[in-house]
Amino acid sequence: MKRIGVISDTHMRGYDPAFAALLARVFAGVDMILHAGDITSLAVLDALDAPQVLAVAGNMDQGPTSANLPSRRIITVEGLRIGLTHGWGPREGLARRVAESFAADDVRCVVFGHSHQPANCVIGGVLLFNPGSAMAGQAGGTVGVLEVDRQITGSIINL
């Protein structure tokens, strides 16, 4: 079984040691971390401590961040395909839009962000997982963990 830390919408200007320490505790022992965009500074990725860290650009990512990150990815973990994107447009219908954008890719899970609202639901056999926003210093920040074995399950974690 693989454990994947999931984070999105950090909206930070740079590396924050206190935030890095918090994430190290929350994501201790994960095999990988996925960041679903709106990083705003590539230095934020330095706060993510895992054997592998993968990220996508969000609508608030500009300059070097958007230039160095794709807008979507597909990864394979334990033989299961996971789509990773930020999302776009209004909150209403966001999960449906991101699911449709990966419909031809045979994914079992779509990880997305953008809305700042956690989501953990299965629609049409695909897990739609949004960790919410991990904005440092904000009460109610959330991240998530995916567990991948023969299936993919997710859990939301309050910071």
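Above this text you will find the structure in question.
Only a predicted model underlies this, so the values are computations on that prediction, with no experimental measurement involved.

Peer 1: Give a description of helix 1 (residues 17-26) that names residues and reports values.
Peer 2: Residues of helix 1 that are buried include every one of Phe-19, Ala-20 and Leu-23, and no others. Viewed end-on, helix 1 has its buried residues packed into an arc of 100 degrees, placing them on one side of the element. In this structure, helix 1 carries Pro-17, Ala-18 and Arg-25 as exposed residues pointing more than 90 degrees from its buried face. For helix 1, the secondary structure elements touched by its buried residues are strand 1 (2-7) and strand 9 (142-148).

Peer 1: Lay out the pairing of strand 9 in plain terms, naming residues and giving numbers.
Peer 2: By the criterion of burial, strand 9 is predominantly enclosed, with 6 of the 7 residues buried. Across 5 bridges, the pairing between strand 1 and strand 9 is antiparallel. By the bridge assignment for strand 9, Arg-3 is matched with Glu-147. Sheet topology places strand 9 next to strand 10 (residues 152-158); 7 bridges connect them, and they run antiparallel. Considered in strand 10, the bridge of Val-148 is made with Ile-152. Adjacent in sequence and paired antiparallel, strand 9 and strand 10 are bridged by 3 residues.

Peer 1: Residues and numbers for unusual backbone geometry, please.
Peer 2: One non-glycine residue with positive phi stands out, namely His-11, at about 50 degrees. Take His-11: it is sitting in the loop between strand 1 and helix 1. Looking at His-11, the relative accessible area reads 26%, which means it is partly exposed. A positive phi angle, close to 65 degrees, is found at His-116, a residue other than glycine. Here His-116 is to be found in the loop between strand 6 (109-111) and strand 7 (119-123).

Peer 1: Got a sec to walk through the packing of aromatic side chains? Specific residues and values, please.
Peer 2: Using the criterion set out here, one finds 0 aromatic pairs in the structure. The positively charged end of Arg-72 is found above the aromatic ring belonging to Phe-102, 4.1 Å away from the centroid.

Peer 1: Residue-level account of the sheet that holds strand 4 (residues 72-77), with values.
Peer 2: Each strand in a sheet pairs with another by means of backbone hydrogen bonds, the pair being arranged parallel or else antiparallel. With mixed pairing, 5 strands are arranged side by side in an open sheet as 4-5-6-8-7. The open sheet has two edge strands with one neighbour each: strand 4 and strand 7. Taken pair by pair, the neighbouring strands of this sheet meet at an average axis angle of 20 degrees, ignoring direction. Note: strand 7 against strand 8 (residues 126-130), 5 bridges, orientation antiparallel. Along strand 8, the bridge assignment pairs Ile-123 with Val-126.

About the criteria used
- Residues numbered from 1 in each chain as written.
- Predicted model: local features only at pLDDT ≥ 70, side-chain atom pairs only at ≥ 80, totals over all residues.
- Heavy atoms only, no water.
- Buried < 20%, exposed > 50% of the residue type's maximum accessible area, 1.4 Å probe, protein only.
- Helix = DSSP H or I, 4+ residues; strand = E, 2+ residues; numbered from the N terminus.
- Arc of directions from axis to C-beta.
- Contact = heavy atoms within 4.5 Å.
- Pairing = 2+ DSSP bridges.
- Phe/Tyr/Trp six-rings, centres within 6.5 Å; stacked < 30°, edge-to-face > 60°.
- Lys NZ or Arg CZ within 6 Å of the ring centre and 35° of its normal.
- Axes fitted to C-alpha atoms, helices over the stretch in contact; angles between N-to-C directions.

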